[in-house]
Amino acid sequence: TFGLVQAPITCDDAALADPTSECFQGTRSNDHYHPTMFGADGSLGWTLKGGRVRPYVGGGINLLRPRLQVQFTNAIGSTDSTRVEVNLTRAVVFGGLMWQAARGFGITGEVYAAPADAITGRLGLSYAWR
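Participant: So what about the overall build of the chain? Which residues, and what values?
Facilitator: Within the chain, the regular secondary structure consists of one helix and 11 strands. Across the chain, helices and strands are ordered from the amino to the carboxyl terminus as β-α-β-β-β-β-β-β-β-β-β-β. Across its three principal directions, the C-alpha atoms of the chain cover 75 × 30 × 25 Å. The contacts of the chain with a sequence gap of at least 6 include a subset with a gap of at least 24, amounting to 47%. Carbon and sulfur atoms make up 59% of the accessible area of the chain, which totals about 8700 Å².

Participant: Mind laying out the pairing of strand S2 (residues 31-34), listing which residues take part and the relevant values?
Facilitator: Every other side chain in a regular strand lies on the same face of the sheet, so the side chains alternate between the two faces. For strand S1 (residues 5-7) and S2, the ladder comprises three bridges, and the chain directions are antiparallel. Note on S2: the bridge partner recorded for Ala7 is Asp31. As paired elements, S2 and strand S5 (residues 67-69) share three bridges and run antiparallel to each other. Directly across from His32, in S5, lies its bridge partner Gln69.

Participant: Tell me about the sheet that holds strand S9 (residues 88-102), residues and numbers included.
Facilitator: The strand order S3-S4-S9-S10-S11 describes an open sheet built from five strands, whose pairing is antiparallel. Pairing within the sheet leaves two strands with one partner each, and these edge strands are strand S3 (37-45) and strand S11 (118-127). Each neighbouring strand pair of the sheet contributes to a mean axis angle of 20 degrees, computed without reference to strand direction.

Participant: Please set out a nonpolar patch on the surface residue by residue, giving values where relevant.
Facilitator: Judged by side-chain polarity, Leu44, Trp46, Leu48 and Val57 come together as a nonpolar surface patch covering roughly 380 Å² of accessible area. Within the secondary structure, Leu48 is located in the loop between S3 and strand S4 (53-64).

Participant: Break down the state of the cysteines for me, citing the residues and quoting the values.
Facilitator: Summed over all chains, the structure comprises one disulfide. Residue pairing for Cys11: its cysteine sulfur links by disulfide to Cys23, the two sulfurs lying 1.9 Å apart. Of note, the bridge from Cys11 to Cys23 carries an S-S torsion of about -65 degrees and is left-handed in sense. Placement of Cys11 in the loop between S1 and helix H1 (13-16) and of Cys23 in the loop between H1 and S2 is noted, with a sequence separation of 12 residues between them. For the pair formed by Cys11 and Cys23, the shared burial category is buried.

Participant: Can you lay out the sheet that holds S1 for me, pointing to particular residues and giving the numbers?
Facilitator: The strand order across the open sheet formed by four strands is S1-S2-S5-S8, and the pairing between neighbours is antiparallel. Two strands lie at the open edges of the sheet, namely S1 and strand S8 (83-85), each paired on one side alone. Ignoring which end each strand starts from, the neighbouring axes of this sheet average 10 degrees apart.

Participant: I'd like a rundown of the pattern of salt bridges, residues and numbers included.
Facilitator: Note that side chains of opposite charge can pair when their charged atoms are close. By the definition in use, this model includes five salt bridges. Arg83 is paired through a salt bridge with Glu85; the nearest N and O atoms lie 2.7 Å apart. By relative accessible area, which is 44% here, Glu85 ends up partly exposed. Notably, a salt bridge pairs Glu110 with Arg122, separated by 3.5 Å at the nearest N-O pair. Of this pair, Glu110 sits in strand S10 (residues 105-114) while Arg122 sits in strand S11, placing them 12 residues apart in sequence. Judged by its relative accessible area of 53%, Arg122 falls in the exposed class.

Conventions adopted
- Along each chain, numbering runs from 1 in the same order as the chain's sequence is written.
- In view of the model being predicted, local features appear only for residues whose pLDDT reaches at least 70, and side-chain atom pairs are presented and counted only at 80 or more, with totals across whole chains, interfaces and linings using the full set of residues.
- Note: side-chain values were computed over all heavy atoms of the structure, leaving out hydrogens and water.
- Secondary structure elements are defined from DSSP: runs of H or I of at least 4 residues count as helices, runs of E of at least 2 residues count as strands, and each element is numbered from the N terminus.
- Whether two residues are in contact is decided by their heavy atoms, any of which lying within 4.5 Å being enough.
- Surface exposure here means Shrake-Rupley accessible area, sampled with a 1.4 Å probe, where a residue is shielded only by the protein chains that are shown.
- Two strands are counted as paired when DSSP detects at least two bridges linking them.
- To define axes, lines are fitted to C-alpha atoms, for helices over the stretch in contact only, and angles between the resulting N-to-C directions are given on a 0 to 180 degree scale.
- Candidate patch residues must exceed 30% relative accessible area and have no salt bridge, after which like charges are joined if within 9 Å and Val, Leu, Ile, Met, Phe, Trp or Tyr side chains if within 5 Å.
- A side-chain nitrogen of Lys or Arg and a carboxyl oxygen of Asp or Glu constitute a salt bridge if their distance falls within 4 Å.
- Put simply, a disulfide is two cysteine sulfurs that come within 2.5 Å.
- Exposure is judged per residue with a 1.4 Å probe applied to protein chains only, and the accessible area is read against the type maximum: over 50% gives exposed, under 20% gives buried, and values in between give partly exposed.

Here's what the structure looks like:
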């Protein structure tokens, strides 16, 4: 994932009008966010039940390198130019199963885990035209 988000992330218009905010009566922030993430994985799959059931397992690695540059001046003229850098490396594992329920129709379930952070699951439906 690459890109640039340039927006008032730290101090938007609502924060500038909020008397309880550090942003109150300051300038709208001009923040820059680069999501920068790299990943690689591999998987191994096989067929069962004459190809109608297709399980798979895999693993990989994610390199997370997001960057946030804050640019904000508060009401007394003090500028915040904080830079936040994250350098994380995360191993991942996943597994799933695709079941061909009927001709052309498939149901898929998958579990994806970065054990240091989170586990997610998903279900999918597919149809193939022949």
